[in-house]
Amino acid sequence: MAAIAHKENLLSRVSAGLVGLMELAFYNYGRAIARVPVLFILLCLLLTAACSLGLSKFVQETRPFKLWTPEGSEFMKALEWQEDNFPQDVRLNMAIYEAENVLTKSVLLEMMRVHYVLANTATRTANWSSICGKIPAIPLAVFGRRKREAGQRQARQADDEDEGMEWSQLLSRDSYCQFLDSLQEVCLETGLLEVFGYDEEFLASLTQEQIIQEVNEAERSAVTGLPLNVSQFLAHTTLDDKGNIVGARAATHTWFTKVITGINSTNTLINDAGTGSHIDPITYEWEQQMLQNLLNDTERPPDLQFYLMGASSFGTVSGDSIKGDLQYLSLGFGVVFVFVVAMLGRCNMLEARPLLSLLGLSCVGLAIVVSYGLCSAFDVLYGPVNSILPFLLLGLGIDDMFVIVEAWRGLRTEEQKLELSERVGLALGRAGVAITVTSLTDFLAFAVGSTTVLPALRSFCIYSAVGVAAVYFFQATFFVAWLSLDQRRLEDGRHGMLWCWKISNWTPNTCSQQDLCHNFFSKVYARVLLLTPVRIMILTATSALFGVSIWGMTELRQEFDPVWFLPQDSYLFAFFMKQREYYPSSGERGSVYFGNISLVKELPKLQELTQRLLATEYVAKVENWVDDFIKYWGDELDPSIFQDQLSLFLFSTKGAKYRARNFKFSTEINCTSIAPPVTASSIDFQHRVMESSQEEVVAMEAVRSAVNALNFSGVTWAWARAYGGWETNRVIEEELWRNLGVALAVVAAATLVLLASVAGAALVVVCVLLTLVDVAALMEWWGLTIDTVSCIDMVLAVGLCVDYAAHIVHTFLTLPGTKTDRAAATLSTTGPPVFSGGFSTFLAFVFLAGSSSHVFTSFFKIFFGVCVFGLYHGLVFLPVVLSFIGPESHSSILAQAPKMNLKHPSHSQHPPPLQPKINIIPNAQQSYSPSPKTQANISHKHYTNSHNDQTNNIHATEDKSFADKNELVNQHTEKCKEQNETEKISPLTQNLEQGQEAEQLHIQDTTVPILPNTPDDGSRF
């Protein structure tokens, strides 16, 4: 125990010295601001204007891979290689039709109408014919088929004969190539309309039975002549007793557009979040016009639902979501403004502070400009999660404002008679340490988060760290400057709203001098909470809550899905939901890319790759060109003429599908010539459907292991678009616990130094841990998972929930008396501002509950838990624990500490002694006059006032040496200690036992004795 006490003594001295220096710096800074407030206001505005220049480089990043996938991951390396060596020039646009039965004439005719709308879509620079991806159309006559007619079964006798027939092997090469050149190219669309050849007249002439017959008998596309599997377009099909399709609930239709590579230079690229890549502006503009036209439902039948996804929809919808959610910032600002006006001023013409409240809130706007400007200037990406930053800074800025104003109101009667600059200096000296600690803990939490490998999380933490620092600076400078001007206005008797209106013969109304919040905490809450039965009940309830929350936290699953970042009321979100409802059986598609390898030498390994992928049990299908290539040539395969045989194969009906999709050549390939050198190639595969995110990660690793096991000579990448999310799933949970652990450790260290109590800091950490566990359980119960957004919010929660507990513990450490007395006094004085800070934070984001954005709804749910559980553990659980096992008061520790020989600044260099003014109750401007019921405490008050007077005399004794001063202090401390032992009186305990008025708990009347060379103003937090 002696060793622990010695450590706490040393820690207290170090902390007191640090706090004393900070108080002196803030005191001088406050005096300087109050003397020339206009100058500091202009400096703040100039600083903001300078930082705003960086906004010229502001770019919003919406590509999922650039936001959510870990930097340096194999997925990102493969993606970069693919963009350089295997760029994707085909873009997919898809629609889903939903009806009671989509195989009806009315639905099929609506599909035709949509087809015509799209085909007629045009912009200034493009139309459907110039934008669409094209393929040769093989006439049906080649396959022995004639044009269909209504009521007539299609001739199919030649189909069986043609099965397996390869015209490139029957005809000479020149003849076959001439035949291919003669084929007409058509825009590539896939869907039910291929059965009817996009012939509206033919379709309109069919009966329902004939439509069903056509659908079941179709084997080749009436448009392209390629094999057609109608069932792949349909979902929730209905079959008759013969197995024929007679109905379906949904059908898909797909249009393919292309990237115009001729203009795709670095100066014309457009950031497309839908595909995670760049496209040319001509294609992008046409796709935007197409989306606008197809989403117009004025002519759509009421019994048909239409869902659409454009290739560029993801980025467009995400950006519109962020712009739309700005309305919640306006609503939150308005409500918070009303709250701040009520808390900063009083309900009368003179003491109301509406303009000061507005100017204080404007600090948030200045901080946002500084944060966005500086980060943009240094090319820090801006992601969709960053849109919650204004709400965060709004809540933090209000807290700092409250602390400064409460310190101003807490000036003693004799201090209120000083010049304005001195008063502002004293107030900022006391409040500066408090806002420094809270801002520091938040800043450190974000600094830790900025070390993550997730780009979106790192970006948000950097923006937030800069924003927190900016809010801290502007509240301590810009707001304090306006506070000085507003106080001049008040003392000059001018109207709170119209500063030019001077009021004469004014008397405040009685109602405006009441403080209901403080009265509740002091007269009701503190008394009831600290009753022994209530304390036991609180401990039991907290233990039960912790147990249930542990169970809930263990059920919390880790899952990430970029679709969640779409507004739930958007057309794109609806499309993805329907796609998962009707087409869930299709697993994710991927490719194995090869570069700089000899295909002819690696042919056996490429063939073996098919079996290895299928053997992983996570791959359902492999489309390997090597398998068809070997089957195509059979015994005629000759490695010496591999390039020539590859060329003919890729122009055959069996190999044509691989030509553009799986090969990149050094020059354009030609049917009649030997294939040029292959620069890159690929093999496609498809996963089976996975049951969980953990299984997805295992599947990804299994595919990569199967590819790497063959030791190909060149570059190989196993890549799927879904791997970006799977990579995130692999690291997100680890990132969450790492960031939480490091942030908690850093915040705990800062709290330990400034609280100067190991036991007190430990209790703060316990409250933070309990809050985080409860919030994690709430996430599970409220349908959230561990993803990038929740990871960001939980890291932020560390910095916020520590404030609730730290304020309580710090005040408790500065009070004398028994543990129960100190807990009651802490609730009476610190309870109201802590509650106001938590409630104002809640008001800042409460309107986000109505948002359809996953970012904002997650933020609301998590911070709702942070506010509720943080305030519960800070204002309910913690005071109860402190009343039982709270740490010893700093005043007692310092009284027992060894003599200190620290240099103390002269009175001319130091402000008046900063006494521990614990009472930071709103509207407590008048000095407290004891009622007759408190006369029993006069001897104790006489002792403390005498102590303060003698301490002030010590500071004023400038002609004595520091050693003489220190000896005088030590003698005075021993004398006070002896007097305290003689009196043996605890006024707070006496008041509680006698059930007297709560006004006896005002700490204004109980000044805590401290050493003059260890200043402690009671407002480090």
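Anyway, here's the lowdown on the structure attached to this text. Keep in mind the model is a prediction, meaning the values are calculated, not measured. (Residues numbered from 1 in each chain as written. Predicted model: local features only at pLDDT ≥ 70, side-chain atom pairs only at ≥ 80, totals over all residues. Heavy atoms only, no water.)

**A few points about the overall build of the chain**
Phase 1: Tallying secondary structure elements over the chain gives 35 helices and 14 strands in all.
Phase 2: For the chain, buried positions account for 57% of its 1021 residues.
Phase 3: Restricting to contacts in the chain with at least 6 residues of sequence separation, those with at least 24 account for 80%.
Phase 4: Put simply, the chain shows about 41,900 Å² of open surface, and 58% of that area lies on carbon and sulfur atoms. (Helix = DSSP H or I, 4+ residues; strand = E, 2+ residues; numbered from the N terminus. Buried < 20%, exposed > 50% of the residue type's maximum accessible area, 1.4 Å probe, protein only. Contact = heavy atoms within 4.5 Å. Areas by Shrake-Rupley, 256 points an atom, 1.4 Å probe, with all protein chains shown as cover.)

**Section: unusual backbone geometry**
Phase 1: With phi around 60°, Asp379 is a residue other than glycine that occupies positive phi space.
Phase 2: Position of Asp379 among the secondary structure elements: in the loop between helix 15 (354-377) and helix 16 (389-409).
Phase 3: The phi torsion at Asn711 lies on the positive side, around 50°, for a residue other than glycine.
Phase 4: Residue placement: Asn711 occurs in the loop between helix 26 (693-708) and strand 14 (715-720).

**Digging into the pattern of salt bridges**
Phase 1: As enumerated under the stated definition, the model contains 30 salt bridges in all.
Phase 2: Of the charged contacts, one joins Asp486 and Arg489 as a salt bridge, the two residues approaching to 2.9 Å between their closest N and O atoms. Here the residue Asp486 and the residue Arg489 both occupy positions in helix 18 (residues 455-491), the gap between them amounting to three residues, near one helical turn.
Phase 3: The buried category is assigned to Asp486, whose relative accessible area is 1%.
Phase 4: In this structure Arg489 comes out as buried when scored by relative accessible area, which is 4%.
Phase 5: Linking Lys578 and Glu581 is a salt bridge whose minimum nitrogen-to-oxygen distance equals 3.3 Å. Taken together, the positions of Lys578 and Glu581, both in helix 21 (residues 571-582) and three residues apart, correspond to about one turn of that helix.
Phase 6: Take Lys578: its relative accessible area is 18%, and that puts it in the buried class.
Phase 7: What emerges from the salt-bridge pattern is a single network uniting Glu74, Glu701, Arg704, Glu727 and Arg730. (Salt bridge = Lys/Arg side-chain N within 4 Å of Asp/Glu carboxyl O.)

**Digging into helix 18**
Phase 1: Taking 1.5 Å per residue, 37 residues should reach 54 Å; helix 18 reaches 52 Å between its end C-alpha atoms and fits that length.
Phase 2: Along its length, helix 18 shows its largest kink, about 35°, at Phe474.
Phase 3: Among the 37 residues of helix 18, 29 are classified as buried, and the element is accordingly described as predominantly covered.
Phase 4: With its phi angle positive at about 75°, Gly493 sits one or two positions after the end of helix 18. (Expected span 1.5 Å × (residues − 1). Bend = angle between axes of the 7 residues up to and from the residue.)

**Looking at a nonpolar patch on the surface**
Phase 1: Taken together, Val36, Leu39, Leu43 and Leu46 make up a surface patch of nonpolar side chains, about 370 Å² in accessible area.
Phase 2: With respect to the secondary-structure elements, Leu43 resides in helix 2 (residues 37-52). (Patch = residues over 30% accessible without salt bridge, like charges linked within 9 Å, V, L, I, M, F, W, Y side chains within 5 Å.)

**Remarks on the packing of aromatic side chains**
Phase 1: Applying the stated criterion across every chain, the model contains 44 aromatic pairs.
Phase 2: Measuring from centroid to centroid gives 5.7 Å for Phe520 and Phe521, while their planes differ by 85°, and the two rings are edge-to-face.
Phase 3: Residue Phe520 is classed as partly exposed on the basis of its relative accessible area of 43%.
Phase 4: Above the face of the Phe884 ring, Arg535 is positioned so that its terminal group lies 4.3 Å from the ring centre.
Phase 5: The ring of Phe651 carries Arg659 above its face, with NZ or CZ at 4.3 Å from the centroid. (Phe/Tyr/Trp six-rings, centres within 6.5 Å; stacked < 30°, edge-to-face > 60°. Lys NZ or Arg CZ within 6 Å of the ring centre and 35° of its normal.)

**Notes on the pairing of strand 1 (residues 90-98)**
Phase 1: By the criterion of burial, strand 1 is predominantly enclosed, with seven of the nine residues buried.
Phase 2: Strand direction decides the pairing type here: strand 1 and strand 9 (residues 305-309), joined by five bridges, are antiparallel. The partner of Ile96 across the bridge, within strand 9, is Tyr307. (Pairing = 2+ DSSP bridges.)

**Looking at the packing of helix 5 (residues 105-119) against helix 12 (residues 281-294)**
Phase 1: Where helix 5 contacts helix 12, the two axes come as close as 9 Å, and the packing angle between them is 145°. In this structure, the crossing between helix 5 and helix 12 has a hand that is right-handed. Residues Val114, Val117 and Leu118 of helix 5 touch helix 12, and the partners they reach there are Trp286, Met290, Asn293 and Leu294.
Phase 2: Looking at the contact of helix 5 with helix 12 residue by residue, the classes come out as six nonpolar, one polar and no charged. (Axes fitted to C-alpha atoms, helices over the stretch in contact; angles between N-to-C directions. Left-handed = near helix turned anticlockwise from the far one by under 90°. Nonpolar A, V, L, I, M, F, W, Y, C, P; charged D, E, K, R; others polar.)

**Here we look at the side chain of Ser652**
Phase 1: Within the secondary structure, Ser652 sits in the loop between helix 24 (642-650) and helix 25 (656-662).
Phase 2: The contacts of Ser652, once residues within four sequence positions are left out, are Glu166, Ser168, Tyr176 and Tyr632.

**A short note on the environment of Arg822**
Phase 1: Examined against the element boundaries, Arg822 turns out to sit in helix 30 (residues 819-845).
Phase 2: Here Arg822 falls in the buried class, since its relative accessible area comes to 3%.
Phase 3: Distance in space between the C-alpha atoms of Arg822 and Pro879 is 9.1 Å, their sequence separation being 57 residues.
Phase 4: Ignoring any residue separated from it by four or fewer positions in sequence, one finds Arg822 in contact with Phe812, Leu813, Leu815, Pro816, Gly817, Pro887, Glu888 and Ser889.

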